Each structure stands twice: as structure tokens, then as C-alpha cells.
Amino acid sequence: MAEKRNIFLVGPMGAGKSTIGRQLAQMLGMDFIDTDAEIEQRAGADISWIFDVEGEEGFRKREERIINELTQKQGIVLSTGGGAVMSKENRNHLSARGIVIYLETTVEKQFQRTQRDKKRPLLQDVEDPRQVLEDLSKIRNPLYQEVADITLPTDDQSAKVMANQLVDLIENING
């Protein structure tokens, strides 16, 4: 790959964006950045705290600024938060500035992967986390599909296998 085009990973929580993103970045010799980790580092607080203090709207504003800034870099693999696609501005920046990969997963697999994770503000203190995931998927899945250059189901394979598949798919796009 002569030209290092940015690679942006979108998809719901628990799809494997961070895990696959790290593998992919390593295989391609690119830098890996996780928007949620970047937000936490800059805020000096975790995402749950930001949600508690600023609400989802405050968090989304931070996320928009970070995505606008990071998508202007070159040669990065960027893992976005599950709700990043809710912002039209984010979708435009992602589409215009790199290859967008939608890591697709079922609600059941998401539930399995996130049920013990205490760092998911949208799933904390809710009666039925599976229903929350179901509701989010109805709203967000069409937006992931709208913005994606590549869609890869992530339910049945290891991160390494999927990263290898993505390298091939990306090379096909780059010609």
C-alpha cells in the first residue's frame, strides 16, 4: 500500500472495533486510535463520568470535535464509538476522509460481549440491556450501512482472521 489511506471502523458496541482495529493497524504498520480512549485521556475522566456530568449530548459534542480532528490525520486506523454515526457531521467526515468499515454483529452477540462490561453508559442502570441494544440497532444499523465502504460480519471469527480479511478487502479498494 503506497498511499496510507485512513481506515475508520464503525459499528455497535461489542462488535470488536477496538480489538480488530489494533490487529489491523499492526498488520498495516499504521497508528491505532480509539476515539473513546482519546476522549477519556483528554477529559481526564472516563466516559461514564462524562455521561453523568454532561449527559449524552455533552459527550457527543466532544466526540464530534475529536472525530473531526482525528480524521484529518494520515495513515491511521480509527475505532469510533457505537453512537458516532448519529452525527451527520461525523458521517460526512468519516466518508470523505478514509475507508469506512462497518463491523456488523447481532444483538445477541453484542449482549454476550457487553453484559459484564461496566464501561457502557447506555447499558448501565437499565432494566433490559438486550432491549436497549435492540432499540439502538434499529436506529444505528442503517447509518452504519449508509457510511460504510466495506461491511464485515464479526460474529463467528477471531479478530486476527477478520483483520486479515480486511487487509485483502482494503487492498482491493486501493487497487
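Residues numbered from 1 in each chain as written. Predicted model: local features only at pLDDT ≥ 70, side-chain atom pairs only at ≥ 80, totals over all residues. Heavy atoms only, no water.

1. Focus on the packing of helix α4 (residues 88-97) against helix α6 (residues 129-147)
Remark: α4 packs on α6, axes separated minimally by 10 Å, with the N-to-C direction vectors making an angle of 30 degrees. Taken together, the axes of α4 and α6 lie roughly parallel to each other. Crossing handedness for the pair α4 and α6: right-handed. Facing Arg91, Leu94 and Ser95 of α4, the residues of α6 in contact are Leu143, Glu146 and Val147. (Axes fitted to C-alpha atoms, helices over the stretch in contact; angles between N-to-C directions. Helix = DSSP H or I, 4+ residues; strand = E, 2+ residues; numbered from the N terminus. Parallel < 35°, antiparallel > 145°, perpendicular 65-115°, else oblique. Left-handed = near helix turned anticlockwise from the far one by under 90°. Contact = heavy atoms within 4.5 Å.)

2. Some thoughts on the UniProt feature "binding site: substrate" (unreviewed entry) in the protein chain
Here, UniProt's "binding site: substrate" (unreviewed entry) annotation points to Asp36, Arg60, Gly82 and Arg140. Here the residues from the annotation list that line the largest cavity are Arg140. Tracing the sequence through the fold places arginine 60 in helix α3 (residues 47-70). Here arginine 60 falls in the buried class, since its relative accessible area comes to 17%. Checked against the element boundaries, glycine 82 lands in the loop between β3 (76-79) and α4. When its relative accessible area of 13% is taken as the criterion, glycine 82 is described as buried. Those residues in contact with glycine 82 that lie beyond four places of it in its chain are Gly11, Pro12, Met13, Lys17, Arg140 and Tyr144. (UniProt positions renumbered as here; feature names shortened; annotations may be inferred. 1 Å grid on protein atoms, 1.4 Å probe; cavity = no way out; pocket = protein on both sides within 12 Å on 5 of 7 lines; lining within 4 Å. Buried < 20%, exposed > 50% of the residue type's maximum accessible area, 1.4 Å probe, protein only.)

3. A look at the pattern of salt bridges
In total, this model carries eight salt bridges according to the counting rule given. The partner of arginine 91 in a salt bridge is glutamate 146, and the shortest N-O contact between them spans 3.2 Å. Taken together, the positions of arginine 91 in helix α4 and glutamate 146 in helix α6 put the pair 55 residues apart, joining distant regions of the chain. The exposure class of glutamate 146 is exposed, given its relative accessible area of 52%. Beyond isolated ion pairs, a larger network of salt bridges with shared partners links Glu38, Arg42 and Glu69. (Salt bridge = Lys/Arg side-chain N within 4 Å of Asp/Glu carboxyl O.)

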